[in-house]
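Single-letter residue listing:
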Amino acid sequence: MGNKYTKRYTEEFKRDAIALVDSTGKTVTAVARDLGISSESLRGWYRQAKTDRGEGRPGELTTAEREELKRLRRQNAEQAKTIEVLRKAAVFFAKESDR
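Residues numbered from 1 in each chain as written. Predicted model: local features only at pLDDT ≥ 70, side-chain atom pairs only at ≥ 80, totals over all residues. Heavy atoms only, no water.

Enquirer: Help me out: how do you make sense of the overall build of the protein chain in this one?
Expert: Each helix and strand in the protein chain was counted, giving four helices and zero strands. The helix and strand sequence of the protein chain, counted from the amino end, reads α-α-α-α. Taken over the C-alpha trace, the protein chain has a radius of gyration of 23 Å; the compact-globule value for 99 residues is 13 Å, which it surpasses by more than 25%. Viewed in the frame of its principal axes, the protein chain has a C-alpha envelope of about 80 × 35 × 20 Å. Taken across its 99 residues, the protein chain has 14% of its residues classed as buried. The long-range fraction of contacts in the protein chain, counting pairs at least 24 apart against all pairs at least 6 apart in sequence, stands at 31%. Carbon and sulfur atoms provide 53% of the accessible area of the protein chain, an area that totals close to 8300 Å². Counting 22 positive and 16 negative side-chain charges, the protein chain places the averaged centre of each group 5 Å from the other. (Helix = DSSP H or I, 4+ residues; strand = E, 2+ residues; numbered from the N terminus. Rg over C-alpha atoms; globule rule 2.2 N^0.38 Å. Buried < 20%, exposed > 50% of the residue type's maximum accessible area, 1.4 Å probe, protein only. Contact = heavy atoms within 4.5 Å. Areas by Shrake-Rupley, 256 points an atom, 1.4 Å probe, with all protein chains shown as cover. Lys, Arg positive; Asp, Glu negative; His and termini not counted. Charge placed at Lys NZ, Arg CZ, Asp CG, Glu CD.)

Enquirer: Would you explain the side chain of Thr 51 in this entry?
Expert: Here Thr 51 lies in helix 3 (residues 39–52). Residues within four places of Thr 51 in sequence aside, it is in contact with Gly 56, Glu 60, Leu 61 and Thr 62.

Enquirer: Would you mind showing me how to read the pattern of salt bridges here?
Expert: Going through the model one piece at a time under the given rule, you end up with seven salt bridges. Of the charged contacts, one joins Glu 55 and Arg 53 as a salt bridge, the two residues approaching to 3.4 Å between their closest N and O atoms. By relative accessible area, which is 41% here, Arg 53 ends up partly exposed. Between Arg 57 and Glu 60 there is a salt bridge, and its shortest N-O distance comes to 3.1 Å. Arg 57 sits in the exposed class, given a relative accessible area of 57%. (Salt bridge = Lys/Arg side-chain N within 4 Å of Asp/Glu carboxyl O.)

Enquirer: Is there a simple way to think about the packing of aromatic side chains in this case?
Expert: Aromatic ring pairs are reported here in terms of the distance separating the ring centres and the angle at which the planes meet. In the structure shown here, the tally under the stated rule is four aromatic pairs. Plain terms: the ring middles of Tyr 9 and Phe 13 are 5.1 Å apart, the flat faces sit at 15 degrees to each other, and that makes the pair stacked. Between Phe 13 and Trp 45, the ring centres sit 6.3 Å apart and the planes meet at 90 degrees, which makes this aromatic pair edge-to-face. Residue Phe 13 is located in helix 1 (residues 11–24), and its partner Trp 45 is located in helix 3; the two are separated by 32 residues in the primary sequence. Residue class for Phe 13 comes out partly exposed when judged on its relative accessible area of 26%. (Phe/Tyr/Trp six-rings, centres within 6.5 Å; stacked < 30°, edge-to-face > 60°.)

Enquirer: In this structure, what is going on with the packing of helix 1 against helix 2 (residues 28–35)? I would like to understand it.
Expert: Describing two packed helices takes the angle between their axes plus the distance from one axis to the other. Following both chains from N to C, one finds helix 1 and helix 2 inclined at 130 degrees, their axes separated by 10 Å at the closest point. Comparing the axis directions of helix 1 and helix 2 gives the class oblique. Regarding helix 1 and helix 2, the two cross each other, and that crossing is right-handed. Across the interface between the two elements, Phe 13, Ala 17, Leu 20, Val 21 and Thr 24 of helix 1 pack against Val 28, Val 31 and Leu 35 of helix 2. Partitioned by chemical class, the residues of the contact of helix 1 with helix 2 number seven nonpolar, one polar and no charged. (Axes fitted to C-alpha atoms, helices over the stretch in contact; angles between N-to-C directions. Parallel < 35°, antiparallel > 145°, perpendicular 65-115°, else oblique. Left-handed = near helix turned anticlockwise from the far one by under 90°. Nonpolar A, V, L, I, M, F, W, Y, C, P; charged D, E, K, R; others polar.)

In structure tokens:
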């Protein structure tokens with residue numbers, strides 16, 4: 001089982017760690033080891049930063065696109081709930097008007 005505590009890093013720390021990879025020429029694993037963080041975390045941050053700069057693989061979403069997608073999915077879910085309430089209300093009032 002995994003650890004219940006998940007370490008959160010600030011955006012500034014992430015930017016600095018990515019800059020270290022870019023500026024030192026060290027591998028992601030070496031920089032992660034030097035900083036005492038998971039190499040997989042730093043690799044993910046680095047990959048996302050490259051995508052945000054337009055250097056990612058085709059089809060990868062930028063951070064802004066991911067946030068917009070998340071917002072639109074949340075909005076879609078809210079609208080689906082609203083539609084369901086309206087559908088139930090329409091059925092209720094249709095039955096009431098038949099009486």
